[in-house]
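# Structural characterization, general
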Amino acid sequence: MAEAADFQGMSPSPARRWLRRTGALLAGAPLLAGLLQLPAATPAAAASGSSTVAVALDTLTPSAPTDGDTVTVSGTVTNNGKQAVTDAQVDLRVGPAIGTRSEIDTVDKRTDFQPGLDGTIVGGKYIKKFTKLTPGVAQDFSISVPVDELDLGSAGVYQLGVSLTGETSAQQWQQVLGIQRTFLPWQPEDADTKTKTTVLWPLVSTVHMTAETGSNEQQTPVFLNDDLAKEISPGGRLEQLLSLGKELDVTWVIDPDLLASVDAMTRTYRVESGSTTVAGTHQRVAMAWLAELQEAVKDKEVVALPFADPDLASLAHNGTTVTGSLNHLKEATDAVANTVEPILHVTPTTDFAWPVEGAIDPSIVKVATSAGADKVITRSDSLEETGGLTYTPSAARPIGGGTTAVVADARLSTAFQGDLTKASATTLAVQKFLASSLALNAQTSKQRSIVVAPQRMATASQARAMAGAVAALQDGNWSQSQGLTSAAASKPDTSATTRVPSASAYPSSLRKRELSKAAFEQIATTQDKLARFKVILTDSSRVVTPFGRAMNREMSTAWRGHAAEANRYRNAVELYLNSLVSQVRLIDKSETKLSGRSATIPVTVQNNLVQGVEHLVLRLSTTSPTRLKIGDGDYQEQDVAVSGGHSQSVKFTTSAQANGKTTVTAQLFTEDGQAYGDPVQFDVKVTEFTATVMLVIGGGFLLLVLAGFRMYTQRKRAAAREATEEDPDDPDETGEAVDATENPTDSEDRLKKESGTLRGADDPEQPSDPAPDTAAESADPSGTGERVDR
């Protein structure tokens, strides 16, 4: 961005300051002349020695001093060389005023000491002496100096250096062996025009909840791990962001999924642990964090992102060609109303979209606004100025179609990235942020609205640095706080760039970290399975809601740079859905034996779900309708409804057309004709009885009845004869005597033979003999076969 070299409020230093520095230069002239007579290598040695001692600037207070303040600088000096440093001294150096933010960047990149550019020594009693600096040993220093002694001029940004001079046994003359530069924003009185500054304070986390819920009425949620409990516990990242942010005048930007997850932790929940789950134990921590957040956002602006913070750029570049992907974004936006307000008791703003790092192109803007947002938070390193403005314009830019781009300042927004665990790194980041903000304010007398959009998931150390800088900014004399909605509604600069960059301008480093098209295709597959499953449920909300939220999480921005973890999460969601679908199934059947002309075949539907299922159709069909007829045609269908935890046997009427084996298929369908679950196939062995066989059997049965009747009468006669034989003098009814010595069995056999019901082994077969008994069913071993109801 082009910036003017000189701006209002950045006038030259007063004559007194000029005279003082000129005198210092004149006093150093003899020394300079002596140095010019040294060998040519000496100046180079002096320059290279400026990194021998590491100077760490741990604190600088106040960060933005005003009249009457005392500036205190503290830190450490560490001898990184191999030789001891003697006669060492730490000095403060005040450089000239810095005119532009580009100059701030240039100064920040310098490492070695450069005479003439690193300012003059404050001197006097405002020094710290060391007799000796042992190699590898850090020693502390602290210097306090009244701001008046720094001899600052008019308002502006000044370079402030902390240098260490000393000598070594190899270089026995005083030289600068180490220096650390920072910036001192100087605005002793209220600026004539103050910049309206909006600071976004994001509360965003990674994905913590699975799609799995308990079978109880409360549907106990299951978490991936206990990481969220660590984040919201005292000292955790989210606890730090909350406790720091509540003391600032910021716009809260919140992911509803984070609120839903913490809210779920306030009740009974479980956590995955290997192949099982264990009870969660952090309910009190969750309740305390939510209560503190509810208090913090009272009367503050809250911007709610779509549920789970979907990756808009990934969706635009890889998901729009996959059916249903944009529907998930709409669902994620609609979910806000049922999440944020019931938990925080505030009405959030939902018309802002925030692509990753504010990088946009036409497709991202189109997707971002497809779910109802009409404002897109971008950044000035994406929507760059091309109109030659000499100042940073206001954030709001109309980009067509009723959409407003809210352009965050890139320098301020990226000031707290990287490792800020060391106090020295934090101090430098804070001072550069404040200097850049003051330099921006001094660019023009026109009041502007500037937005600071830091990284989504700041670490605890980054959060502390951000909070320190924002607190100093809001206490400063050149900035005033403003909400994001007001910034978006501010009057745009007519000369500011409004042209959205092309797709080719999208950073390749960001594109490489996007969700792939395959990821969106897998999400679509899961959605299709869910759609087929929910139509059979009596209470589909128990499944649709947790899986819908899980699919929103599958599209989260948090997965950037974590492709393997994202893939595992998607697989787990799909596998869990498959396991639920498989709870409603057909019981396998073995071979069925069908005897007779007609019979019923039972097929069992099992429902192991807690809730009942309905709107299912069971179809039974055969591969050989000429052998086995089912119902009135080649197949028969029946409606199915099964209570939760129960099974139901569905009976189908069949009729045999011919003997033999046929394959029968049972398949569940939804009412719209979609196959549900796997089919079950089994063989049916048909044995048909013809009319001739039935006549033969009937005739044989009649003969047996007649033979039995004749035997009965013969036995009565035999009994009468036996009675006569007891009195040999009495003749029987027929006038014949019965030999008393005849064996009773022989007598009975004789009678049977006479009646024709017993044939000897050598007797010829008579035409009237009955056929052998015919088995009603196959005499083969039944094995695993089944009998059917007839």
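Residues numbered from 1 in each chain as written. Predicted model: local features only at pLDDT ≥ 70, side-chain atom pairs only at ≥ 80, totals over all residues. Heavy atoms only, no water.

## Let's talk about unusual backbone geometry
Our working definition: The helix count covers DSSP runs of H or I at least four residues long, the strand count covers runs of E at least two residues long, and both are numbered beginning at the N terminus.
In this model, Thr-61 is joined to Pro-62 through a cis peptide bond whose omega is -10°. Take Pro-62: it is sitting in the loop between β1 (53-61) and β2 (70-79). Phi is positive for Gln-219, which is not a glycine, with a value near 50°. Within the secondary structure, Gln-219 is located in the loop between β10 (209-213) and β11 (221-223). We note that Asp-309 has phi near 50°; this positive angle belongs to a residue other than glycine.

## Focus on a negative patch on the surface
Heads up, the rule is: Every patch collects residues that have over 30% relative accessible area and no salt bridge, joining them within 9 Å if they carry like charges and within 5 Å if they are nonpolar side chains (Val, Leu, Ile, Met, Phe, Trp, Tyr). Values of accessible area rely on a 1.4 Å probe in the Shrake-Rupley scheme; residue burial ignores everything except the protein chains shown. In what follows, salt bridge is the name for a side-chain nitrogen of Lys or Arg lying within 4 Å of a carboxyl oxygen of Asp or Glu. Positive residues here are Lys and Arg, negative ones are Asp and Glu, while His and the chain termini are left out of the count. Note on charges: their place is set at NZ of Lys, CZ of Arg, CG of Asp or CD of Glu. Burial classes follow relative accessibility: with a 1.4 Å probe on protein chains only, a residue under 20% of its type's maximum area counts as buried, one over 50% as exposed, and anything between as partly exposed.
Where like charges cluster on the molecular surface, the negative patch consists of Asp-67, Asp-148, Glu-149 and Glu-189. With respect to the helices and strands, Asp-67 occurs in the loop between β1 and β2. On the basis of relative accessibility, which here comes to 48%, the residue Asp-67 falls in the partly exposed class.

## Observations regarding the packing of helix α18 (residues 517-534) against helix α20 (residues 563-581)
Cut-off, in case you're wondering: Note on geometry: axes are C-alpha line fits, over the in-contact stretch for helices, and angles between N-to-C directions span 0 to 180 degrees. Convention used here: angles under 35 degrees read as roughly parallel, angles over 145 as roughly antiparallel, angles from 65 to 115 as roughly perpendicular, and any remaining angle as oblique. It is the rotation of the near helix from the far one that decides the hand of a crossing: anticlockwise by less than a right angle makes it left-handed, clockwise makes it right-handed. Only heavy atoms enter the contact rule, under which two residues are in contact if any of them lie within 4.5 Å. Amino acids outside the nonpolar list (Ala, Val, Leu, Ile, Met, Phe, Trp, Tyr, Cys, Pro) and the charged list (Asp, Glu, Lys, Arg) are all regarded as polar, and Gly is one of them.
Relative orientation of the contacting elements α18 and α20 amounts to 15°, with a least axis distance of 10 Å. As summarised for this structure, α18 and α20 are arranged roughly parallel, according to the angle between their axes. Between α18 and α20 lies a crossing whose hand is left-handed. Contacts between α18 and α20 involve Ala-519, Gln-522, Ile-523, Thr-525, Thr-526, Lys-529, Leu-530 and Phe-533 on the former and, on the latter, Asn-567, Arg-570, Asn-571, Val-573, Glu-574, Leu-577, Asn-578, Leu-580 and Val-581. Class assignment of the residues belonging to the contact of α18 with α20 gives a composition of eight nonpolar, six polar and three charged.

## Here we look at the nonpolar core
Spelled out, the test is: In these notes, a set of buried Ala, Val, Leu, Ile, Met, Phe, Trp, Tyr and Cys residues joined through side-chain atoms within 4.5 Å is what counts as a nonpolar core.
Phe-533, Phe-547 and Leu-618 are the most contacted members of the largest nonpolar core, which has 75 residues in total. Here this core gets seven residues from one element, more than from any other, and that element is α20. Leaving out residues up to four positions away in the same chain, Phe-533 has contacts with Val-543, Leu-577, Leu-580, Val-581, Leu-609 and Tyr-676. If you look at the next biggest cluster of nonpolar residues, it comprises 65 residues, including Ile-104, Val-107, Leu-440 and Met-466.

## Quick notes on the packing of helix α6 (residues 237-245) against helix α8 (residues 283-296)
Relative orientation of the contacting elements α6 and α8 amounts to 30°, with a least axis distance of 10 Å. The orientation of α6 relative to α8 falls into the category roughly parallel. Handedness of the crossing formed by α6 with α8: left-handed. In this structure, α6 contributes Leu-238, Glu-239, Leu-242 and Ser-243 to the contact, and α8 contributes Trp-289, Glu-292, Leu-293 and Ala-296. Grouping the amino acids of the contact of α6 with α8 by side-chain chemistry returns five nonpolar, one polar and two charged.

## A short note on the sheet that holds strand β24 (residues 598-607)
In a beta sheet, neighbouring strands pair by backbone hydrogen bonds and run either parallel or antiparallel. Selection rule: A pair of strands is treated as paired once DSSP finds two or more bridges between them.
Read across the sheet, four strands follow the order β22-β24-β28-β26 without closing on themselves; strand pairing throughout is antiparallel. The sheet terminates laterally at β22 (584-586) and β26 (628-630), the two strands that pair on one side only. Across the sheet, the mean angle from the axis of one strand to that of its neighbour is 35°, orientation sign disregarded. Two elements, β26 and strand β28 (residues 646-656), share three bridges in a ladder whose sense is antiparallel. When the bridges of β28 are listed, Leu-628 appears paired with Ala-656.

## Describing helix α15 (residues 460-475)
Heads up, the condition is: Take the residue count of a helix, subtract one, and multiply by 1.5 Å to get its expected span.
Relative to the 22 Å expected for 16 residues at 1.5 Å per residue, α15 spans 23 Å between its end C-alpha atoms, a close match to the ideal helical length. Those residues of α15 lying buried are Ala-460, Ser-461, Gln-462, Ala-463, Ala-465, Met-466, Ala-467, Ala-469, Val-470, Ala-472 and Leu-473. Buried residues in α15 make contact with β9 (195-203), α6, α14 (423-441) and β21 (479-481).

## Re the sheet that holds strand β6 (residues 138-146)
Taken in spatial order, the three strands of this open sheet run β1-β2-β6, and their pairing is antiparallel. A single partner strand is all that each edge strand has here, and the edge strands are β1 and β6. Pairs of neighbouring strands in the sheet enclose a mean axial angle of 20°, with direction left out of account.

## Quick notes on the side chain of Arg-379
Worth spelling out the cut-off: Each polar contact in these results corresponds to two N or O atoms within 3.5 Å; when the atoms are within protein, one needs to be able to donate a hydrogen and the other to accept it, and residues that are neighboring in sequence are counted only if both atoms are side-chain atoms.
Within the secondary structure, Arg-379 is located in strand β17 (residues 375-379). For Arg-379, the side chain forms a polar contact with the side chain of Asp-381, separated by 3.0 Å. Here Arg-379 is in contact with Glu-357, Gly-358, Val-407, Ala-408, Asp-409, Ala-410, Ser-413, Thr-414 and Gln-417, once residues within four sequence places are set aside.

## A few points about the pattern of salt bridges
Using the criterion set out here, one finds 25 salt bridges in the structure. Of the charged contacts, one joins Glu-295 and Lys-298 as a salt bridge, the two residues approaching to 3.3 Å between their closest N and O atoms. Via salt bridges that share partners, Asp-105, Asp-108, Arg-411 and Lys-432 belong to a single interconnected network.

## Quick word on the environment of Glu-554
Tracing the chain through its elements places Glu-554 in helix α19 (residues 541-554). For the pair Glu-554 and Val-207, spaced 347 residues apart in sequence, the C-alpha to C-alpha distance is 8.5 Å. Apart from residues no more than four positions distant in its own chain, Glu-554 is found in contact with Leu-515, Ile-523, Trp-559, Tyr-569, Arg-570 and Val-573.

## Let's talk about the packing of aromatic side chains
The geometry of an aromatic ring pair is captured by two quantities: the separation of the ring centres and the angle between the planes. Operational definition: Only centres within 6.5 Å qualify two rings of Phe, Tyr or Trp (six-membered ring in Trp) as a pair; their planes then separate them into stacked at under 30 degrees, edge-to-face at over 60, and tilted for everything else.
Inspection of the entire model under this criterion finds four aromatic pairs. With a centroid separation of 5.6 Å and 20° between ring planes, the pair formed by Phe-547 and Tyr-576 is classed as stacked. Of the two residues, Phe-547 is situated in helix α19 and Tyr-576 in helix α20; the sequence distance between them amounts to 29 residues. Tyr-576 carries the same exposure label as Phe-547, and that label is buried.

## What about the environment of Gly-119?
By the element assignment, Gly-119 lies in the loop between α4 (101-109) and β4 (120-121). Relative accessible area serves as the criterion here: at 22%, Gly-119 is assigned to the partly exposed category. Sequence-wise, Gly-119 and Gly-95 are 24 residues apart; in three dimensions their C-alpha atoms are separated by 3.7 Å.

## Here's the deal with the confidence of the model for the protein
Rules: Every residue gets a pLDDT, meaning the predictor's confidence in that residue, from 0 to 100.
On average, residues of the protein score 85 in pLDDT, and 83% of them reach the 70 mark or higher. Counting contacts from residues 1-48, a segment whose pLDDT is below 50, to residues more than four positions away or on other chains yields 54 contacts. In this model residues 728-790 is a low-confidence stretch, pLDDT under 50, and it forms 65 contacts with partners more than four residues away in sequence or in other chains.

## Points about helix α9 (residues 312-319)
Most of α9 is tucked away, with six of its eight residues classed as buried. The complete set of buried residues in α9 reads Leu-312, Ala-313, Ser-314, Leu-315, Ala-316 and Gly-319. Contact partners of the buried residues in α9: α10 (325-334), β16 (352-353), α12 (362-368) and α18. By the N-cap criterion, in which a side-chain oxygen at the helix start approaches the backbone nitrogen of a residue two or three places on, α9 is capped by Asp-311, the distance to Ala-313 being 3.3 Å.

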